[in-house]
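Letter by letter, the chains look like this.
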Amino acid sequence: MTVQPSEPSPRPVPPGELRASHDDREAVVEQLRDAAAEGRIDLDELDARLEQALKSRTYAELAVLTADLPRTNSAEDLPPLVLKGGMHGASRGPGRWEVPGRVIARGGLGGVKVDFSRVECRLTEVAVEAYGEAAGVTIVIPEGWAADTSGMDPGVGGLRDKTTPDRLPGTPLIRLTGSGGMAGVVIRHPNLWERRKLHSNPTQG
């Protein structure tokens, strides 16, 4: 029997050689503009680095452009936001608030509402763990944001996903996990009353 020589396994690609995405390039562009606004680099150097950032294909090429700049705190560095309904309920929003990469909502006896409708979020994904427990959890996301609820256990109370799948470029994906518990979890876009309030007072903080 003839033994065929085994093909060599593919060489792992070093992290720096991985291909950068449009969002990766845009994040570096924002960091460079912030650095120029703070006086860390002059306008000529900003123009040169911006041009190079838009041409960069890998993480390593992008890293060179910000290697001499201090790392700024980003949303990824924020601790998880934990909301517990307790006896009286809890909410975050609808005013502007800084969105971390992970949100944990426990409905408890009073319920929890997490409203993203006025936030500005540069993250590509936000992990939301929702546990309906006795009173339920409601999550409101702007039109144009999308949700992935495939990792959610509906439990007894169920999961009601009233969002549309149409996701606008540059908006985060809400990756929803957890359990509906007894009261369930709802994720939706703003309702009619909330939309009217948004349009009547779009600058509310």
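Everything below is about the structure shown above.
Structural notes on the environment of I41
Part 1: By the secondary structure assignment, I41 is in the loop between α1 (22-37) and α2 (43-55).
Part 2: Given the relative accessible area of 7%, I41 is considered buried.
Part 3: For the pair I41 and L69, spaced 28 residues apart in the sequence, the C-alpha separation amounts to 9.2 Å.
Part 4: Excluding residues within four positions of it along the chain, I41 makes contact with L32, A35, A36, L46, R49 and L69.

Points about the packing of aromatic side chains
Part 1: Within the structure shown, the criterion is met by two aromatic pairs.
Part 2: Ring geometry for W97 against F116: centres 5.2 Å apart, planes inclined by 40°, an arrangement best described as tilted. Remark: F116 occurs in the loop between β4 (112-115) and β5 (125-131) and W97 occurs in the loop between β2 (90-92) and β3 (102-106); sequence separation between them is 19 residues.
Part 3: Judged by relative accessible area, which is 0%, F116 ranks as buried.
Part 4: With 5.8 Å between their ring centres and 50° between their planes, F116 and W145 make a pair best called tilted. Residue F116 is located in the loop between β4 and β5, and its partner W145 is located in the loop between β6 (137-140) and β7 (146-153); the two are separated by 29 residues in the primary sequence.
Part 5: Overall, W145 belongs to the buried group, its relative accessible area being 6%.
Part 6: These aromatic residues form a ring-pair network of at least three members: W97, F116 and W145.

Considering the packing of α1 against helix α3 (residues 59-66)
Part 1: Closest axis-to-axis distance for the α1/α3 pair is 10 Å, and the angle between their directions is 5°. Between α1 and α3, the angle is such that the two are roughly parallel. Residue-level contacts link D24, R25, V28, Q31 and L32 of α1 to Y59, L62, L65 and T66 of α3.
Part 2: Tallied by class, residues from the contact of α1 with α3 come to five nonpolar, two polar and two charged.

Conventions used here
- Counting of residues starts from 1 at the beginning of each chain's written sequence and follows it residue by residue.
- Residue-level local features of this predicted model are given only where pLDDT is at least 70; pairs of side-chain atoms are given and counted only at 80 or more, and the full residue set underlies all totals for whole chains, interfaces and linings.
- To obtain the side-chain values, all non-hydrogen atoms of the structure were used and water was disregarded.
- Think of it this way: any DSSP run of H or I at least four residues long counts as a helix, any run of E at least two long counts as a strand, and we number them from the N terminus.
- Each residue gets one of three labels from its accessible area relative to the maximum for its type: buried under 20%, exposed over 50%, partly exposed in between, using a 1.4 Å probe on protein chains only.
- Only heavy atoms enter the contact rule, under which two residues are in contact if any of them lie within 4.5 Å.
- Note on aromatic contacts: the rings of Phe and Tyr and the six-membered ring of Trp form a pair at centre separations within 6.5 Å, being stacked when their planes are under 30 degrees apart, edge-to-face when over 60 apart, and tilted otherwise.
- Each axis is a line fitted through C-alpha atoms, and for a helix only the stretch in contact is used; angles between axes span 0 to 180 degrees, taken between their N-to-C directions.
- Roughly parallel means an angle under 35 degrees; roughly antiparallel, over 145; roughly perpendicular, 65 to 115; everything else is oblique.
- Charged means Asp, Glu, Lys or Arg here, nonpolar means Ala, Val, Leu, Ile, Met, Phe, Trp, Tyr, Cys or Pro, and polar covers whatever is left, Gly included.

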